[in-house]
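As a plain string of letters, each chain reads:
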Amino acid sequence: MDALQYLKAFYETINEDARLSGRAGSVEFLTTMRYIEEYLTPGMRIVEIGAGTGRYSHALAQRGYSVDALELIEHNIDVFRQHTLPDEPVTITQGNALALPYPDDCYDITLLLGPMYHLYTEEDQKQAMREAIRVTKPGGVIFAAYCGNDATMVQFCFRRGKIREPRYQELIDPVTFKCRSTPEEVIVLWRKEEVDALMSAFPVQRLHYVGTDMATEYMEDVVNAMDDETFEIYLRYHFSICERSDMVGVSHHSLDVFRKR
């Protein structure tokens with residue numbers, strides 16, 4: 001299969017629409033929304049590139065913001081449309097993050113919360129970032145999400161016992177434990193220094209680098225079992241550490257927030 005076929009099969013198999021629900025799943029969503037809300041003002045135009053089933057697009061549109069969403073996978077678009085309310089100020093278009101169908105400098109907020117999970121070459125990674133920056137207004141804010149290398153090493157390779165399987169040994173550097181991905185694995189894994197290297201080529205100012213779930217997925221059952229009061233305390237703790245440079249590398253998902261110069 002080619003890369004697109006693997007990606008289609010992945011999203012047709014998993015329940016992406018439910019991924020950010022439940023106590024544990026909501027931590028990533030609540031953290032990302034907390035940072036988006038910091039930069040929102042009335043009347044802003046928002047684009048979400050790689051919108052998936054629309055969790056963020058719908059949340060923002062239902063707050064009155066005009067949102068244009070772009071998604072590659074037809075299955076996700078079908079679910080997105082099922083969730084669209086009458087008169088909701090949101091559009092969904094099928095398209096590719098590497099060639100956006102939008103003019104230059106037209107959005108105040110740009111969300112790139114999925115494509116960097118699935119781009120395997122440096123050329124494609126730079127092109128997706130270049131396109132996201134292109135459609136953002138000067139002074140606008142871009143939110144880009146990544147999957148973490150070392151959380152995957154701990155959870156998948158060691159906790160699930162995959163570390164000695166030949167297929168995965170071929171993809172893991174035996175000295176640095178940096179994981180390489182192919183389209184068959186679907187998910188590309190990043191360390192912060194790789195994100196830093198990618199972004200060094202672009203005219204942007206970093207505002208935040210955030211671990212959006214931090215310890216949550218390591219103790220998913222514990223978080224899901226928390227009562228309301230304990231969960232609120234946990235969220236306060238999570239928000240207090242999610243930008244700490246000595247801890248952010250443990251996160252399964254990270255969020256780079258930056259301003260276009």
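The structure we're discussing is the one just above.
Residues numbered from 1 in each chain as written. Predicted model: local features only at pLDDT ≥ 70, side-chain atom pairs only at ≥ 80, totals over all residues. Heavy atoms only, no water.

A. Main features of the overall build of the protein chain. Each helix and strand in the protein chain was counted, giving 10 helices and 8 strands. Here the C-alpha radius of gyration of the protein chain, 18 Å, is about what a compact globule of 261 residues would show, namely 18 Å. Expressed as lengths along the three principal axes of its C-alpha atoms, the size of the protein chain is roughly 50 × 45 × 35 Å. Each of the 261 residues in the protein chain was classed as buried or not, and the buried ones make up 49%. A separation of at least 24 residues holds for 74% of the contacts in the protein chain among residues at least 6 apart in sequence. Of the roughly 12600 Å² of accessible surface on the protein chain, 51% is carried by carbon and sulfur atoms. With 27 positive and 41 negative side-chain charges, the protein chain shows a separation of 4 Å between the mean positions of the two kinds. (Helix = DSSP H or I, 4+ residues; strand = E, 2+ residues; numbered from the N terminus. Rg over C-alpha atoms; globule rule 2.2 N^0.38 Å. Buried < 20%, exposed > 50% of the residue type's maximum accessible area, 1.4 Å probe, protein only. Contact = heavy atoms within 4.5 Å. Areas by Shrake-Rupley, 256 points an atom, 1.4 Å probe, with all protein chains shown as cover. Lys, Arg positive; Asp, Glu negative; His and termini not counted. Charge placed at Lys NZ, Arg CZ, Asp CG, Glu CD.)

B. Up close: the packing of helix α2 (residues 22-38) against helix α10 (residues 228-241). Two elements in contact, α2 and α10, have axes whose closest approach is 11 Å; the angle formed by their N-to-C orientations is 45 degrees. The orientation of α2 relative to α10 falls into the category oblique. For α2 against α10, the interelement crossing comes out right-handed. On α10, the residues that touch R23, S26, V27, L30, T31 and R34 of α2 are D228, F231, Y234, L235, H238 and F239. When grouped by side-chain class, the residues that make up the contact of α2 with α10 number 6 nonpolar, 3 polar and 3 charged. (Axes fitted to C-alpha atoms, helices over the stretch in contact; angles between N-to-C directions. Parallel < 35°, antiparallel > 145°, perpendicular 65-115°, else oblique. Left-handed = near helix turned anticlockwise from the far one by under 90°. Nonpolar A, V, L, I, M, F, W, Y, C, P; charged D, E, K, R; others polar.)

C. Quick peek at the pairing of strand β4 (residues 107-112). Buried residues dominate β4, accounting for 6 of its 6 residues. Relative to β4, strand β1 (residues 45-49) runs parallel, the two sharing 3 bridges. When the sheet's bridge partners are listed, E48 is paired in β4 with L111. Bridge count for β4 against strand β5 (residues 136-148) is 5 bridges, and the pairing is parallel. Along β5, the bridge assignment pairs T110 with I142. (Pairing = 2+ DSSP bridges.)

D. The pattern of salt bridges, seen in detail. Using the criterion set out here, one finds 19 salt bridges in the structure. R206 is the salt-bridge partner of D196, the closest N and O atoms lying 2.7 Å from each other. With D196 in helix α8 (residues 192-199) and R206 in strand β7 (residues 204-211), this residue pair connects regions lying 10 residues apart in the sequence. Of the residues examined, D196 reaches a relative accessible area of 31% and is grouped as partly exposed. When salt bridges with common partners are traced through the structure, they connect K192, D196, R206 and D256 into a single cluster. (Salt bridge = Lys/Arg side-chain N within 4 Å of Asp/Glu carboxyl O.)

E. Quick look at the nonpolar core. Among the nonpolar cores identified, the biggest contains 41 residues, and I109, L111 and F143 are the most heavily contacted of them. When residues no more than four places from it in sequence are discounted, the contact partners of L111 are I36, I46, V47, E48, I49, Y56, L60 and F143. Judged by nonpolar contacts, the second largest core, of 29 residues, contains V47, L70, L100 and A144. (Core = buried A, V, L, I, M, F, W, Y, C linked by side-chain atoms within 4.5 Å.)

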